[in-house]
Amino acid sequence: MRIAVCPGSFDPVTLGHLDIINRASKLFDKVIVLVSFNASKSRARFSSKERMEMIMAVTKHLDNVVVDCYDGLLADYLKMSNATAIVKGLRAVSDFEYEFQMALANKKLYNDAETVFLTTTGENMFLSSSVVKEIASFGGDIDGFVPEEILETIKNRLHKPD
């Protein structure tokens, strides 16, 4: 069985994330969407449990996708889950430099780990959780940025009343 892990903070999950997850689900027998901790990112606006619930809600139509949470090394998680691939989405060349370094580090820590890069679709090139949080905090329209199933949850949490 070909198992891939699609790691990220998913704070919150966006249409860009969902596009990568959908496409990965067609390439692998099982895809684990892994809510992980990233020390270089600011404090999460949603708890790990809330992020997992949102991802489950928007991937329920994908039979080979499961959601999990882990706060250790990705390489260790891959070993524990018998996964051999890491799926990462790339928006721009700037993403590649960091992700390439991480791919090499993961390969060094776990030789069976291969990183697969999927480029984002044109309409999602600018999209990130940070962009969604910024726009939503000012009451901007995020309808085209996040899955409809979780839109109200995100708006209710992130919108700061005037």
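Here the structure is a predicted model, which is why all the values come from computation and not from measurement. Along each chain, numbering runs from 1 in the same order as the chain's sequence is written. This being a predicted model, a pLDDT of at least 70 is required before a residue's local features are given, and a value of 80 or more before pairs of side-chain atoms are given or counted; all residues contribute to the totals for chains, interfaces and linings. By convention in this description, side-chain values take in all heavy atoms of the structure and omit both hydrogens and water.

Colleague: How do you make sense of the overall build of the protein when you look at a structure like this?
Modeller: Secondary structure is summarised from DSSP: a helix means a run of H or I of at least four residues, a strand means a run of E of at least two, and numbering begins at the N terminus for each. Within the protein, the secondary structure is distributed over six helices and five strands. Counting from the amino terminus, helix and strand elements in the protein follow one another as β-α-β-α-β-α-β-α-β-α-α. Its C-alpha atoms give the protein a radius of gyration of 15 Å, within 12% of the compact-globule value 15 Å for 162 residues. Dimensions of the protein, computed from C-alpha atoms along their principal axes, come out at roughly 50 × 35 × 30 Å. Relative to its full complement of 162 residues, the protein shows a buried share of 44%. Note on areas: Shrake-Rupley with a 1.4 Å probe; residue coverage comes only from the protein chains shown. Element-wise, carbon and sulfur atoms account for 54% of the exposed surface of the protein, whose accessible area totals about 9,000 Å². Residues counted as positive are Lys and Arg, residues counted as negative are Asp and Glu, and His and the chain ends are not counted. Where a charge sits is defined by one atom per residue type, namely NZ (Lys), CZ (Arg), CG (Asp) or CD (Glu). Counting 19 positive and 22 negative side-chain charges, the protein places the averaged centre of each group 4 Å from the other. Our radius of gyration looks at C-alpha atoms and nothing else; its globule reference is 2.2 Å times the residue count to the power 0.38. Note on exposure labels: buried denotes an accessible area under 20% of the residue type's maximum, exposed denotes more than 50%, and partly exposed covers the range between, all computed with a 1.4 Å probe on protein chains only.

Colleague: Looking at this structure, how should I read the nonpolar core?
Modeller: A general tendency of soluble globular proteins is for nonpolar side chains to be buried together. Within the largest apolar cluster, 33 residues are counted, with the highest numbers of intra-cluster contacts made by Val33, Ile142 and Ile154. Broken down by secondary-structure element, the contributors of at least two residues to this core are strand E1 (3–8), helix H1 (15–27), strand E2 (30–36), helix H2 (48–59), strand E3 (65–70), strand E4 (85–90), helix H5 (129–137) and helix H6 (151–158). Whether two residues touch is decided by their heavy atoms; if any such pair falls within 4.5 Å, the residues are in contact. Ignoring sequence-local partners within four residues, the contact set of Val33 consists of Cys6, Phe10, Ile21, Ile55, Val65, Val66, Val67 and Asp68. What we call a nonpolar core is a set of buried Ala, Val, Leu, Ile, Met, Phe, Trp, Tyr and Cys residues that are connected through their side-chain atoms within 4.5 Å. By size, the runner-up hydrophobic cluster in this structure holds twelve residues, among which are Val5, Leu74, Leu78 and Ala113.

Colleague: Help me understand the pairing of strand E5 (residues 114–119) in this model?
Modeller: In regular strands, side chains alternate between the two faces of the sheet. A pair of strands is treated as paired once DSSP finds two or more bridges between them. Of the pairings in the sheet, the one linking E4 to E5 comprises six bridges and is parallel in character. Its bridge partner being in E5, Val87 is matched across the sheet by Val116. With its strands directed away from the observer, a crossover is right-handed exactly when the path from the first strand over the helix to the second travels clockwise. One crossover worth recording links E4 to the parallel E5 by way of helix H4 (residues 93–109), and it is right-handed.

Colleague: What am I meant to see in H1 here?
Modeller: Think of an α-helix as turning once every 3.6 residues; residues three or four places apart then point the same way. In this analysis, the expected span of each helix is defined as 1.5 Å times one less than the number of residues it contains. In a regular helix each residue adds 1.5 Å, so 13 residues correspond to 18 Å; H1 covers 19 Å between its end C-alpha atoms and thus fits that length. The complete set of buried residues in H1 reads Gly16, Leu18, Asp19, Ile20, Ile21, Ala24 and Ser25. Against E1, E2, H2, E3, E4 and E5 lie the buried residues of H1. For H1, the N-terminal capping position is held by Thr14, with its side-chain oxygen 3.2 Å away from the main-chain nitrogen of Gly16. Counting of polar contacts relies on pairs of N or O atoms within 3.5 Å, with two restrictions inside protein: one atom must be capable of donating a hydrogen and the other of accepting it, and residues adjacent in sequence are counted only when both atoms are side-chain atoms.

Colleague: Is there a simple way to think about the state of the cysteines in this case?
Modeller: Between two cysteines, a covalent bond joining their sulfur atoms is known as a disulfide. We call a pair of cysteine sulfur atoms a disulfide whenever their separation is within 2.5 Å. One pass over the structure, following the stated rule, counts zero disulfides. With no disulfide of its own, Cys6 lies closest to Cys69 among cysteine sulfurs, the gap being 14 Å. With a relative accessible area of 5%, Cys6 lands in the buried category. What makes Cys69 partly exposed here is its relative accessible area of 31%.

Colleague: So what exactly am I meant to see when it comes to a nonpolar patch on the surface here?
Modeller: Only residues whose relative accessible area exceeds 30% and that take part in no salt bridge are eligible for patches, with like-charged residues grouped when within 9 Å of each other and nonpolar side chains (Val, Leu, Ile, Met, Phe, Trp, Tyr) grouped when within 5 Å. We define a salt bridge as a contact between a side-chain nitrogen of Lys or Arg and a carboxyl oxygen of Asp or Glu at a distance within 4 Å. Among the surface-exposed residues, Phe96, Phe100 and Leu104 lie close enough to one another that they form a single nonpolar patch of about 280 Å² accessible area. Note that Leu104 resides in helix H4.

Colleague: Sorry, what's going on with the side chain of Asn64 here?
Modeller: With respect to the helices and strands, Asn64 occurs in the loop between H2 and E3. A polar atom in the side chain of Asn64 sits 2.8 Å from the backbone oxygen of Ser25. At 3.4 Å, the side chain of Asn64 forms a polar contact with the backbone oxygen of Asp29.

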